[in-house]
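Listed below, chain by chain, are the residues.
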Amino acid sequence: MSSAGTGEVLTDSYGRTLRSLRMSVTDRCNLNCIYCHNEGHIGHSREMPVDTIVNIVEVASQFGMDRLKLSGGEPLLRKDLEEALARLPDMKDISLTTNATLLKDRAASLKEAGLDRVNISLDTLDPDKYHMITNCTRGTFDRVLDGIHEAVDAGLTPVKLNMVLLKDLNDNEIEDMLDFTRNYGGDVILQLIELMDFRDIPRYRINANEVERSLLAVSSDVSVRQLHKRKKYIINGVEVEFVRPVDNTEFCANCNRLRVTADGKLRPCLLVNDNLVDVSKASREELPDLFRLAVSRRVPFCRSLKEQ
Ligand code: SAM
């Protein structure tokens, strides 16, 4: 067996069919967030050239994976992203996760190159807190706000604002963030994320059940997305998702994602480091079997953070 593209889909031994690819395109970042998991990577590695990115995405697409998320590090540190995007196959959804510090001047060119939408990390609306959380230089917060405006203007919508909830730091800002989101009409969605505490900062861990209860109390509608069984709330006309990756077997049971590290390794599971499949040097012909190998290595449930 080698080639892909005859309608074959990749289903792991636990019955989960792979539908989306999450690809880190760089480990470099221009911020240094106090909680960042760096997509499970420590240090900096060689980045995949555009040709490798395109080959991997094409094979994924031939296996019916029709959603792609580009991430990092900070993906906009790569100047060749537009070139890569322009060469990707047609997919249902191509999105990018960014801190938006460099987005203002590139939103239009990214859209033009084929990007559908962006997720933008914004944990607080208070510039001083933003500075504290991200260790950024002065003026960065305003550039992020400009980036959000420009993304909406360029049609990279719906823009999802990613807010990692940090106890006693920003968990009192959900309402302010809802108001901020509401100002953009339906073009912006709020995505609340439970902290995965890789950096041993227990004082910032929130109680996810409490957050869910408080969201539920004020929502007019709640639905459940297939991906990771994420709950979606409607609160005064604003869409809010809550991502709960911690000790959540439903997160894994409904995971349809394959990840790719910045240096070209297929990562079958978010929190597992010993089952990666190196595809950085693989030829186009070798890639399909390496995809099949990676999918065969998927585990039913990620180990808890304590065991890492
Ligand atoms: N630099 C880009 C950005 O800021 O969006 C992309 C990389 S960042 C690792 C991707 C997303 O992961 C961000 O929304 C960030 O908030 C989230 N994230 C990072 N560390 C996390 C953690 N420990 N727990 C939960 N979410 C985390």
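Quick note: structure is the one above.
Colleague: Describe the pairing of strand β6 (residues 188-194), and please don't skip the residues or the numbers.
Modeller: For β6, a buried count of 7 out of 7 residues is recorded, marking the element as mostly surrounded by other parts of the structure. The pairing of strand β5 (residues 159-165) with β6 spans 7 bridges and is parallel. Paired with M163 across the strands is L192, a residue of β6. With helix α6 (residues 174-182) bridging β5 and its parallel neighbour β6, the resulting β-α-β unit is right-handed.

Colleague: Got a sec to walk through the nonpolar core? Specific residues and values, please.
Modeller: Counting residues in each nonpolar core, the largest one holds 95 residues, and the members touching the most others are L21, M23, I120 and F291. Here the element with the most residues in this core is helix α1 (residues 50-62); it accounts for 7 residues. Sequence-distant contacts of M23, that is, excluding residues within four places in its chain, are made with M48, I53, I56, V57, L68, K69, L70, S71 and V260.

Colleague: Describe the site of the ligand, naming the residues involved and giving the relevant values.
Modeller: The local shell around the ligand holds 19 residues, among which Y35, G73, S121, N162 and M196 are the closest. H37 places a main-chain nitrogen or oxygen 3.0 Å from a nitrogen atom of the ligand. In this structure, an oxygen atom belonging to the ligand sits 2.9 Å away from a side-chain N or O atom of N162. Relative to its unbound accessible area of 550 Å², the ligand is 94% covered by the protein chains.

Colleague: How would you sum up the environment of F301? Please name residues and give values.
Modeller: Here F301 shows up in the segment after α9 (287-296). Along the sequence, F301 and L18 sit 283 residues apart, while their C-alpha atoms lie 15 Å from each other.

Colleague: Can you tell me about unusual backbone geometry, naming the residues and giving the values?
Modeller: For the bond running from T157 to P158, omega is -5 degrees, close enough to zero to count as cis. If you trace the backbone, P158 turns up in the loop between α5 (140-154) and β5. The backbone of N135 sits at a positive phi, close to 55 degrees, despite the residue not being glycine. Along the polypeptide, N135 turns up in the loop between α4 (127-134) and α5.

Colleague: Before we move on, could you go through α5 and cite the residues and values that matter?
Modeller: An ideal rise of 1.5 Å per residue puts 21 Å on 15 residues; α5 measures up with 21 Å between its terminal C-alpha atoms. Where the residues of α5 are buried, they touch α3 (107-113), β4 (117-121), α4, β5, α6 and β6. At the exit of α5 stands G155, carrying a positive phi of roughly 85 degrees.

So, how was this worked out
Residues numbered from 1 in each chain as written. Predicted model: local features only at pLDDT ≥ 70, side-chain atom pairs only at ≥ 80, totals over all residues. Heavy atoms only, no water. Buried < 20%, exposed > 50% of the residue type's maximum accessible area, 1.4 Å probe, protein only. Helix = DSSP H or I, 4+ residues; strand = E, 2+ residues; numbered from the N terminus. Pairing = 2+ DSSP bridges. Right-handed = clockwise from strand over helix to strand, strands pointing away. Core = buried A, V, L, I, M, F, W, Y, C linked by side-chain atoms within 4.5 Å. Contact = heavy atoms within 4.5 Å. Near = heavy atom within 4 Å. Polar contact = N/O pair within 3.5 Å; in protein donor to acceptor, adjacent residues only side chain to side chain. Areas by Shrake-Rupley, 256 points an atom, 1.4 Å probe, with all protein chains shown as cover. Expected span 1.5 Å × (residues − 1).

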